[in-house]
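Structural features, examined
Take a look at the letters that make up each chain.
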Amino acid sequence: MAPSSYQAPSRGDKADKKTHSQSLESNLSNAQTTVAKLISGKGDAIFSVRANDNISHVVQVLSEKHIGALVVTDQNGALQGIISERDIVRRMAETPGETLPQEVDALMTKNVVTCSPDDLLSDVLKKMTEGKFRHMPVIKNDRLCGMITIGDVVNFRLKEVEYEALRMRQMIVG
């Protein structure tokens, strides 16, 4: 029997096999994900308070719901502002021992940056990062229809990446 020698495979050896790689379409498909898609998986629960509620009530709701911000609405549900844990902590530093009885109106952000269900998650993430805020109300037809957080966007994208990796592994194996 003649001795055999090993020869490393070359590119031409696998010419009949199809390869899968990132394409412009696969990369852009994730950039086209909308707020509506995120909300459909997350849910559209909205927790709100009124401008004349006191901060003590806000702290209680934030704690009970395990959330970091609340929208401030009027009696018709129209957006008036937003108040976050960060707003409360800053005011506590300014008015120690006097913050909890204060009204929401004194602490809330009144010029709220919002998004629509049709907005791209990549655009929303950019707005949140540049504005240095973590919560964004979602408005459709002048009505509040959800709230998303920077964590929601990041978690949604991580799940997409995990799914893409699984699909790629299945293509390689299959």
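See the structure printed just above.
What comes next concerns the included structure.

How each quantity is defined
- Residues numbered from 1 in each chain as written.
- Predicted model: local features only at pLDDT ≥ 70, side-chain atom pairs only at ≥ 80, totals over all residues.
- Heavy atoms only, no water.
- Helix = DSSP H or I, 4+ residues; strand = E, 2+ residues; numbered from the N terminus.
- Buried < 20%, exposed > 50% of the residue type's maximum accessible area, 1.4 Å probe, protein only.
- Contact = heavy atoms within 4.5 Å.
- Areas by Shrake-Rupley, 256 points an atom, 1.4 Å probe, with all protein chains shown as cover.
- Axes fitted to C-alpha atoms, helices over the stretch in contact; angles between N-to-C directions.
- Parallel < 35°, antiparallel > 145°, perpendicular 65-115°, else oblique.
- Left-handed = near helix turned anticlockwise from the far one by under 90°.
- Pairing = 2+ DSSP bridges.
- Arc of directions from axis to C-beta.

**A few points about the overall build of the chain**
Broken down by element type, the chain carries seven helices and five strands. Here the chain, with 174 residues, has 28% of them falling under the buried criterion. Of all intrachain contacts in the chain linking residues separated by at least 6 positions in sequence, the fraction that spans at least 24 positions is 57%. With the model as given, the accessible surface of the chain reaches about 12100 Å², and the carbon-plus-sulfur share is 51%.

**Looking at the packing of helix α6 (residues 121–131) against helix α7 (residues 150–173)**
Axis angle and axis distance: for two packed helices, these are the angle between their axes and the distance between the axes, and together they describe the pair. Relative to each other, α6 and α7 sit at 140°, their axes nearing to 10 Å. If you check the angle between α6 and α7, you find them oblique. By crossing handedness, the relation of α6 to α7 is classed as left-handed. Side by side, α6 and α7 meet where Leu 121, Leu 125, Met 128 and Thr 129 of the first sit next to Ile 150, Val 153 and Phe 156 of the second.

**Here's the deal with the environment of Thr 73**
Its place among the elements puts Thr 73 in strand β2 (residues 69–73). In sequence terms Thr 73 and Ala 51 are 22 residues apart; their C-alpha atoms lie 7.2 Å from each other. Here Thr 73 is in contact with Ser 48, Val 49, Arg 50, Ala 78, Leu 79, Gln 80 and Leu 144, once residues within four sequence places are set aside.

**Concerning the environment of Val 124**
Among the secondary structure elements, Val 124 is positioned in helix α6. As for Val 124 and Ile 150, which are separated by 26 residues in sequence, their C-alpha atoms are 8.6 Å apart. Ignoring any residue separated from it by four or fewer positions in sequence, one finds Val 124 in contact with Val 35, Cys 115, Asp 119, Met 136 and Ile 148.

**Observations regarding unusual backbone geometry**
One non-glycine residue with positive phi stands out, namely Lys 132, at about 55°. For Lys 132, a relative accessible area of 68% gives the class exposed. Positioned with a positive phi, Asp 142 is a non-glycine residue whose angle comes to about 65°. Within the secondary structure layout, Asp 142 lies in the loop between β4 (135–140) and β5 (143–149). Take Asp 142: its relative accessible area is 76%, and that puts it in the exposed class.

**Re the environment of Lys 140**
The residue Lys 140 is located in strand β4 in this model. With 25 residues separating them in the primary sequence, Lys 140 and Cys 115 have C-alpha atoms 8.5 Å apart.

**Focus: the sheet that holds strand β1 (residues 48–49)**
Across the sheet, three strands lie side by side as β1-β2-β3; this open sheet has mixed pairing. Two strands close off the open sheet at either side, each with one partner strand: β1 and β3 (79–84). Note that β1 and β2 share two bridges and pair parallel. Counted as the bridge partner of Ser 48 is Val 71 from β2. Packed on one face of the sheet, helix α3 (residues 55–65) meets β1, β2 and β3 and runs near 130° to β2.

**Brief notes about α6**
Turning to α6, its buried residues are Leu 121, Val 124 and Met 128. Down the axis of α6, the smallest arc covering the buried residues is 60°, so these residues share one side. Exposed side of α6, more than 90 degrees from the buried face: Lys 126 and Glu 130 are the residues found there. Buried residues along α6 sit in contact with α2 (35–42), β4, β5 and α7. Lys 132 sits one or two positions beyond α6 and adopts a positive phi of about 55°.

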